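Structural description and commentary
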Protein chains: 2
Amino acid sequence: MHAAVRELESEVGREALTVPLVATRAGVTPSTIYRRWGDLQELLSDVAVERLRPDTEPEDRGDLRSDLEAWAEQFFEEMASPAGRAYIRDALLGDPDGGNAGQCSAYAAEQIDVVLARAAGRGERAPAVETVLDRVVAPVMYRILFRPDKLDAAYARRLVTGLLDPADR
Amino acid sequence: MHAAVRELESEVGREALTVPLVATRAGVTPSTIYRRWGDLQELLSDVAVERLRPDTEPEDRGDLRSDLEAWAEQFFEEMASPAGRAYIRDALLGDPDGGNAGQCSAYAAEQIDVVLARAAGRGERAPAVETVLDRVVAPVMYRILFRPDKLDAAYARRLVTGLLDPADR
C-alpha cells in the first residue's frame, strides 16, 4: 500500500491521489483501504511517518558538539525540504489519535539518545534528551510549521551552540 | 461566514460541517464559498486563526518574570485546551501558503513584544522576542502537536525559568 502511494505520488502527484486510485495500484478494493485507514488522509499520514523514519544512525564525529551540530543540521535539512514539509503536514493531518505525530517525535528522540549516549561514553557532560527536544527540535519544527521564512541550517547550528554554551545567549 | 461556521460547529459538530451547510446558514451560494476559500478546510483555517487571536493584552504584574510566566501559562492553557488543539490543527491544515500559520505566530510575537517592551520600560534586562519564541512558544507548540502526554502549565513556567535563569538548566 505504501509503495502504491509513493509510486502514484511521483506519477500523478500528491493532489491527484484518491483511494480508488491507490486501491487499483495496490490490487485491493477501496473498501479494504477504508476499513484499515478510514480515509486517504490517514493512509497518507502512515506513509509520511514511514518516510520520516531516519534510515541511518547519527554520524560519530568524536565529540558531543560536532555530533549534535551535524545531527541538527541534517534534521533541519530533511524537515525543511519541500518533501519533508509535505510529510510533516501529512503526518499531522490524518492523525486523529496523535500516534503518528508522537512517532515522528520518537524518531528524533531516539537519534538524540544515540548522540547523548556516545557523549556519556566519552565522559562528556551531556544535556537530557528532553532538553535537546525543547532547545533544538522544537524550535526547528515550530519555525518550519509557523514561520518558514529565512530559515537555514545555520539556525539549527546556533540552537545547538545556545544549548551547549549558555553564555552565548 | 465565520459566525455561520461557529454556530454550526456548536450545533452539528465539527465533523458534520459541509460547504453547502455553511452556505445555507450564511445565506450565500456554495460557489461563493468555493470562489473565496477554495474548500471547507481553507475556510475552517481562516475561522481558526480568528479564534486564536488574543483578545486581551498580557497582564502587567510588575516585573518581567511574573509577566512572562503568566503569559506562558495562559498561552499554554489556551493552546493545549481541546478547542485550542482543534484550532491549531485547522489553522495548519487548510493553509496552503502558510499565511495562517504565520499569523498564529505573529499573534504570539505581538503579545511577547508587549511584555518585553514593558520590561525595557522598567529598565529590566529582557531577551529578544525571537529568543522567547524559540525557548517558550516553540516547545509548547511542539509538545502540543507532537508529544501531548503529561503536559501541564508548570511545564510552560519552567521554560520561562530556564530562559531567565540559565544556571537552572
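Keep in mind that what you see is a predicted model, and the values were worked out from it rather than measured.

Conventions adopted
- Residues numbered from 1 in each chain as written.
- Chains lettered and ligands numbered in written order.
- Predicted model: local features only at pLDDT ≥ 70, side-chain atom pairs only at ≥ 80, totals over all residues.
- Heavy atoms only, no water.
- Patch = residues over 30% accessible without salt bridge, like charges linked within 9 Å, V, L, I, M, F, W, Y side chains within 5 Å.
- Areas by Shrake-Rupley, 256 points an atom, 1.4 Å probe, with all protein chains shown as cover.
- Salt bridge = Lys/Arg side-chain N within 4 Å of Asp/Glu carboxyl O.
- Lys, Arg positive; Asp, Glu negative; His and termini not counted.
- Charge placed at Lys NZ, Arg CZ, Asp CG, Glu CD.
- Helix = DSSP H or I, 4+ residues; strand = E, 2+ residues; numbered from the N terminus.
- Buried < 20%, exposed > 50% of the residue type's maximum accessible area, 1.4 Å probe, protein only.
- Polar contact = N/O pair within 3.5 Å; in protein donor to acceptor, adjacent residues only side chain to side chain.
- Contact = heavy atoms within 4.5 Å.
- Buried area = accessible area lost by both parts, 1.4 Å probe.
- Nonpolar A, V, L, I, M, F, W, Y, C, P; charged D, E, K, R; others polar.
- 1 Å grid on protein atoms, 1.4 Å probe; cavity = no way out; pocket = protein on both sides within 12 Å on 5 of 7 lines; lining within 4 Å.
- Points joined across faces, edges and corners; volume = space filled by probe spheres on them.
- Core = buried A, V, L, I, M, F, W, Y, C linked by side-chain atoms within 4.5 Å.
- Arc of directions from axis to C-beta.
- UniProt positions renumbered as here; feature names shortened; annotations may be inferred.
- Domains from an automatic or database assignment.

A few words now on a negative patch on the surface. On the surface, a cluster of negative charge is made up of Asp55, Glu77, Glu78 and Asp152 of chain A. You can see Asp55 of chain A is positioned in the loop between α4 (40-52) and α5 (64-80).

What follows is about the side chain of Asp95 of chain B. Tracing the backbone through its elements, the reader meets Asp95 of chain B in the loop between α6 (82-93) and α7 (99-121). Lacking a salt bridge, the buried Asp95 of chain B has Arg89 of chain A as its closest oppositely charged neighbour, with an N-O distance of 5.6 Å. Among the polar contacts listed, one links the side chain of Asp95 of chain B to the backbone nitrogen of Asn100 of chain B, at a separation of 2.9 Å.

With that out of the way, let us pick up the interface of chain B and chain A. On the side of chain A, 30 residues touch chain B, which itself brings 30 residues to the contact. Taking both partners together, chain B and chain A bury about 2800 Å²; carbon and sulfur atoms supply 51% of that area. For Arg143 of chain A, the salt bridge identified is with Asp134 of chain B, shortest N-O distance 2.7 Å. For the side of chain B that touches chain A, the residue count by class is 19 nonpolar, three polar and eight charged.

What follows deals with the side chain of Gln111 of chain A. Mapping Gln111 of chain A onto the fold places it in helix α7 (residues 99-121). For Gln111 of chain A, a relative accessible area of 12% puts it in the buried group.

As a further point, take the layout of surface pockets. Taken as a whole, the largest pocket encloses approximately 850 Å³ of empty space. Along the walls of the largest pocket sit 31 residues, with Arg14, Arg89 and Leu93 of chain A together with Leu93 and Pro96 of chain B positioned nearest its centre. With seven residues, helix α6 (residues 82-93) of chain A is the single largest residue contributor to the lining of the largest pocket. Taken together, the residues that form the lining of the largest pocket break down as 16 nonpolar, four polar and eleven charged.

Quick look at the environment of Arg53 of chain B now. Residues and elements named next belong to chain B. Structurally, the position occupied by Arg53 is in the loop between α4 (40-52) and α5 (64-80). Since its relative accessible area comes to 42%, Arg53 is described here as partly exposed. Along the chain, Arg53 and Ala108 lie 55 residues apart, while their C-alpha atoms are 8.8 Å from each other.

Quick look at the nonpolar core now. Ranked by size, the top nonpolar core spans 88 residues in total, and within it Phe146 of chain A together with Phe146 of chain B carry the most contacts. Other than its neighbours up to four places away in sequence, Phe146 of chain B contacts Ile88, Leu92, Ala101, Gly102, Cys104, Ser105, Met141 and Leu145 of chain A.

Looking now at helix α1 (residues 2-12) of chain A. Residue and element names in this part refer to chain A. The complete set of buried residues in α1 reads Ala4, Val5, Leu8 and Glu9. Each buried residue of α1 lies within a common arc of 135° when the element is viewed along its axis, so the set occupies one face. Buried residues along α1 sit in contact with α2 (19-26), α4 and α6. Note on α1: the residue one or two positions beyond its end, Gly13, has a positive phi of about 90°.

Taken from the UniProt record, the annotation "DNA-binding region" (unreviewed entry) applies to residues 18-37 of chain A. In residues 18-37 of chain A, helix accounts for 80% and strand for 0%; the two terminal C-alpha atoms are 13 Å from one another.

Here we take up the pattern of salt bridges. Residue and element names in this part refer to chain B. Inspection of the entire model under this criterion finds 32 salt bridges over all chains. The shortest N-O distance in the salt bridge between Asp67 and Arg122 comes to 2.9 Å. In this pair, Asp67 is assigned in helix α5 and Arg122 in the loop between α7 and α8 (129-146), connecting sequence segments 55 residues apart. Asp67 gets classed as buried once you look at its relative accessible area, which sits at 1%.

UniProt's feature table lists "domain: HTH tetR-type" (unreviewed entry) at residues 1-55 of chain A, given in the numbering used throughout. Structurally, residues 1-55 of chain A is divided into 73% helix and 0% strand, and its ends, taken at the C-alpha atoms, are 20 Å apart.

What follows concerns the domain arrangement of chain A. By the assigned domains, chain A splits into domain 1 (2-38) and domain 2 (56-168). For domain 1 of chain A and domain 2 of chain A, the distance between their C-alpha centres works out to 31 Å.

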